[in-house]
Amino acid sequence: MTQDELKKSVGWAALKHVRPGTIIGVGTGSTVTHFIDALESVKHQIEGVVSSSEASSAKLKSLGIPLFDLNDIDSLDIYVDSADEINEKMQMIKGGGAALTREKIIAAVARKFICIVDTSKLVDILGNFPMPVEVIPMARAWVARELVRLGSLPEYRQGVITDNGNIILDVHNLKILDAVALEEQINNIPGIVTVGLFARRGADVALIGSEQGIKIID
């Protein structure tokens, strides 16, 4: 199977977690695109979705799937999204698509977070994938210096502006042994909107596509 076929398999597998009459959180990225395709097949059974990015919203609209503003609802039944890395503790690095802030907000609201990935994303130690950080533009240099003090190597993601109007620093040279502590430490740096480390609110279920089928971690 190709990597895209593995992504498609977990995208459609997530459909069994969708309950009729509920509002669903939907993430961002190529794997989630397959879930959105699957969601179209049950769009008349659900109430609608809350989307984490303008790109996902555009695709959902094109398929006639109702969109809700998160401010207009109290809770979400599930949130389905992918990750750039995930470990066995269900902690993740996310933000390769620069939607990490909205993703983290929706994950916090959802009762259950379902992470859909192919097997290449499952790691023992987080940090090989550069960890994205969303930063207020005026704080870019300050935040970069503070991240260097932590022993990391931040790199400005040129030409990328988030849906919130901010910039992204991709943080290299990390071997994350205590993800919860590092998430809190980085979030406390003034100027940072969100760090793409999802440890305090990790996934509840992971669907991992492989050549041998779909592995479920919960």
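Our subject in this report is the structure included herewith. Please read these numbers as outputs of a predicted model, since none were measured by experiment. (Residues numbered from 1 in each chain as written. Predicted model: local features only at pLDDT ≥ 70, side-chain atom pairs only at ≥ 80, totals over all residues. Heavy atoms only, no water.)

Looking now at the side chain of glutamine 91. Relative to the assigned elements, glutamine 91 resides in the loop between β4 (85–86) and β5 (92–93). The buried category is assigned to glutamine 91, whose relative accessible area is 12%. In contact with glutamine 91, not counting residues within four places along its chain, are Glu85, Ile86, Leu126, Ala179, Val180, Phe198 and Ala199. (Helix = DSSP H or I, 4+ residues; strand = E, 2+ residues; numbered from the N terminus. Buried < 20%, exposed > 50% of the residue type's maximum accessible area, 1.4 Å probe, protein only. Contact = heavy atoms within 4.5 Å.)

Right, let's talk about the pattern of salt bridges for a bit. Two side chains that carry opposite charge are able to pair once their charged atoms sit near each other. Taken as a whole and judged by the stated rule, the model has 13 salt bridges. Residue aspartate 77 pairs with arginine 111 through a salt bridge whose shortest N-O separation is 3.7 Å. Taken together, the positions of aspartate 77 in strand β3 (residues 76–81) and arginine 111 in strand β6 (residues 110–118) put the pair 34 residues apart, joining distant regions of the chain. Given a relative accessible area of 9%, aspartate 77 falls into the buried group. Among the charged side chains, a network of salt bridges with common partners joins Arg19, Asp77 and Arg111. (Salt bridge = Lys/Arg side-chain N within 4 Å of Asp/Glu carboxyl O.)

In this structure, the largest pocket occupies an estimated 240 Å³ of space. Considering the residues around the largest pocket, the lining is formed by 17 residues, among which Thr28, Gly29, Ser82, Ala83 and Asp84 are closest to the centre. Elements with a minimum of two residues in the lining of the largest pocket: α2 (30–40) and β6. Ranked by residues supplied to the lining of the largest pocket, first place goes to α2 with 3 residues. Grouping the amino acids of the lining of the largest pocket by side-chain chemistry returns 3 nonpolar, 8 polar and 6 charged. Residue lining of the second largest pocket: Val50, Ser51, Ser53, Glu54, Ser57, Phe68, Asp69, Leu70, Asn71, Arg102, Ile105 and Ile106, and that is the complete set. (1 Å grid on protein atoms, 1.4 Å probe; cavity = no way out; pocket = protein on both sides within 12 Å on 5 of 7 lines; lining within 4 Å. Points joined across faces, edges and corners; volume = space filled by probe spheres on them. Nonpolar A, V, L, I, M, F, W, Y, C, P; charged D, E, K, R; others polar.)

You can see glycine 209 is positioned in strand β12 (residues 205–210). Exposure remark for glycine 209: the relative accessible area of 0% places this residue in the buried category. For the pair glycine 209 and valine 180, spaced 29 residues apart in sequence, the C-alpha separation works out to 26 Å.

Before going further, it helps to examine the packing of helix α1 (residues 3–13) against α2. One way to put it is that α1 packs onto α2 with a least axis distance of 8 Å and a crossing angle of 45°. In terms of orientation, α1 lies oblique with respect to α2. Seen along the crossing, α1 lies across α2 with a hand that is right-handed. Between α1 and α2, the residues in contact are Asp4, Lys7, Lys8, Val10, Gly11 and Trp12 and Ser30, Thr31, His34, Phe35, Asp37 and Ala38, respectively. The residue inventory of the contact of α1 with α2, partitioned by class, reads 4 nonpolar, 4 polar and 4 charged. (Axes fitted to C-alpha atoms, helices over the stretch in contact; angles between N-to-C directions. Parallel < 35°, antiparallel > 145°, perpendicular 65-115°, else oblique. Left-handed = near helix turned anticlockwise from the far one by under 90°.)

On to the sheet that holds strand β11 (residues 197–198), then. Spatial strand order, β4-β5-β11: 3 strands in an open sheet with antiparallel pairing. Only two strands of the sheet have a single partner each, and these edge strands are β4 and β11. Here β5 pairs with β11 via 2 bridges, running antiparallel. What sits directly across from isoleucine 93, in β11, is leucine 197. (Pairing = 2+ DSSP bridges.)

Here the focus is helix α6 (residues 179–187). Restricting attention to buried positions, one finds in α6 the residues Ala179, Leu182, Glu183 and Ile186. When α6 is viewed along its axis, its buried side chains cluster within an angular range of 105° and face the same direction. Elements that come into contact with the buried residues of α6 comprise α4 (100–109), β7 (131–135), α5 (140–149), β10 (192–195) and β11. (Arc of directions from axis to C-beta.)

With that settled, the discussion passes to the packing of aromatic side chains. Applying the stated criterion to the full structure yields 1 aromatic pair. Taken together, a centroid distance of 5.0 Å and an interplanar angle of 45° make the contact between tyrosine 79 and phenylalanine 113 tilted. Pair noted here: tyrosine 79 is in strand β3 and phenylalanine 113 is in strand β6, with a separation of 34 residues, a long-range link. Across the pair, phenylalanine 113 and tyrosine 79 agree in class, each one buried. The ring of phenylalanine 198 carries the charged tip of lysine 104 above its face, separated from the ring centre by 4.8 Å. The ring of tyrosine 156 is capped by arginine 140, whose NZ or CZ atom sits 4.3 Å from the centre of that ring. (Phe/Tyr/Trp six-rings, centres within 6.5 Å; stacked < 30°, edge-to-face > 60°. Lys NZ or Arg CZ within 6 Å of the ring centre and 35° of its normal.)

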